[in-house]
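Next come the chains, spelled out residue by residue.
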Amino acid sequence: MVDQKSENNPNDELNLDDVPMDAAQARDATEALAAEQEAGEIEQIAADDSTASGVWNRLLAGNRRFAEGKAEHPRQDPVSREALVDEQHPSTAVLSCADSRVAPEIVFDAGLGEMFVTRTAGPMIDDAVLATLELAITQLGVKLLVVMGHENCAAIAEACEELDALVESTESESGQHADAFMDDLDGIIAASKSTILREVGMSIWQARMAELTTNEEYEQVHIARLIEELVTRSEVIRKALADERLMIVGARYRVSSGLVEVLSF
Ligand SMILES: [Zn+2]
């Protein structure tokens, strides 16, 4: 019990900083917390940043607060900013879409110093994105990498249009129906001058080859393919996974509900 309390103390202090309390309120809250712990009724996961799954559970709890309109905006005050002047120890790297509705710090109700965020449309991966994520792992020691797509993604819609146009033009140039060349279209997509078509359209082609048809499915397949690409292209990521220093999760943010869905592949 003593160990449990000492483990929880740093997090309790952080929470109390965010919510002004007088001494009596703080004592009451502490006693209530201790009583709940003794009764085994409290979930330990929300405050446990020592593991990647603990961090992820805390982020998902933040997302639920955000979706319910109960965001706490933690660690965004001047004191938190000043405490981070000389160092940062983010727990999480995020690769997500640049969409104006999908800011990770907001949808996970996170604070300064928590997330090392890379955003590109889609998202898409290039050497700069890889180097950014690798820096987060090697220099900053993030435990968790969240790869997040979202509902109603403009990059997915654009890639669908470009893929349809490519199929149409290939049909008219070859005089063949798409069924005759669809299997081999990946080579043409990979050689395209359009970055969106190469990086996002390839995911849609893969999804269509698996007979998936909806944008939601395309968004999910794209995230799965991005994670595969990260692991294939980055030795740093492969090594961190092998050493169990890193966990990667795939996610899709639902603009309509505010909730992040966890993808399993
Ligand atoms: Zn998007």
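All values reported here derive from a predicted model rather than from experimental measurement.

Asker: Looking at this structure, I do not really get the pairing of strand β1 (residues 92-96). What am I missing?
Answerer: In summary, the side chains of a regular strand alternate between the two faces of the sheet. In terms of burial, β1 is a largely internal element, 5 of the 5 residues being buried. Residues Thr92, Val94 and Ser96 line one face of β1 and the alternating positions Ala93 and Leu95 line the opposite face, and both faces are buried. Pairing geometry for β1 and strand β2 (residues 115-119), over 5 bridges, is parallel. Bridging from a neighbouring strand, Leu95 pairs with Thr118 of β2. Note: β1 against strand β3 (residues 144-150), 5 bridges, orientation parallel. Residue pairing across strands places Leu95 opposite Val147, the latter belonging to β3.

Asker: Got a minute to help me understand the sheet that holds strand β4 (residues 247-253) in this structure?
Answerer: Paired through backbone hydrogen bonds, the strands of a sheet run either parallel or antiparallel to each other. Pairing within the open sheet is mixed, and its 5 strands lie in the order β2-β1-β3-β4-β5. Where the open sheet ends on each side, the last strands, each with one partner, are β2 and β5 (260-263). Taken pair by pair, the neighbouring strands of this sheet meet at an average axis angle of 25°, ignoring direction.

Asker: Whenever I open this one, the confidence of the model for the protein confuses me. Can you help?
Answerer: Note: predicted coordinates in regions of low pLDDT should not be interpreted at a detailed level. For the protein, per-residue confidence averages 86 on the pLDDT scale, and residues scoring 70 or more make up 82% of the total. Note on residues 1-46: pLDDT under 50 across the span, and 18 contacts to partners over four residues away in sequence or across chains.

Thresholds, definitions, all that
Residues numbered from 1 in each chain as written. Predicted model: local features only at pLDDT ≥ 70, side-chain atom pairs only at ≥ 80, totals over all residues. Buried ≥ 20, exposed ≤ 12 C-beta atoms within 10 Å, placed from the backbone. Helix = DSSP H or I, 4+ residues; strand = E, 2+ residues; numbered from the N terminus. Pairing = 2+ DSSP bridges. Axes fitted to C-alpha atoms, helices over the stretch in contact; angles between N-to-C directions. pLDDT = per-residue confidence, 0-100. Contact = placed C-beta atoms within 7 Å.

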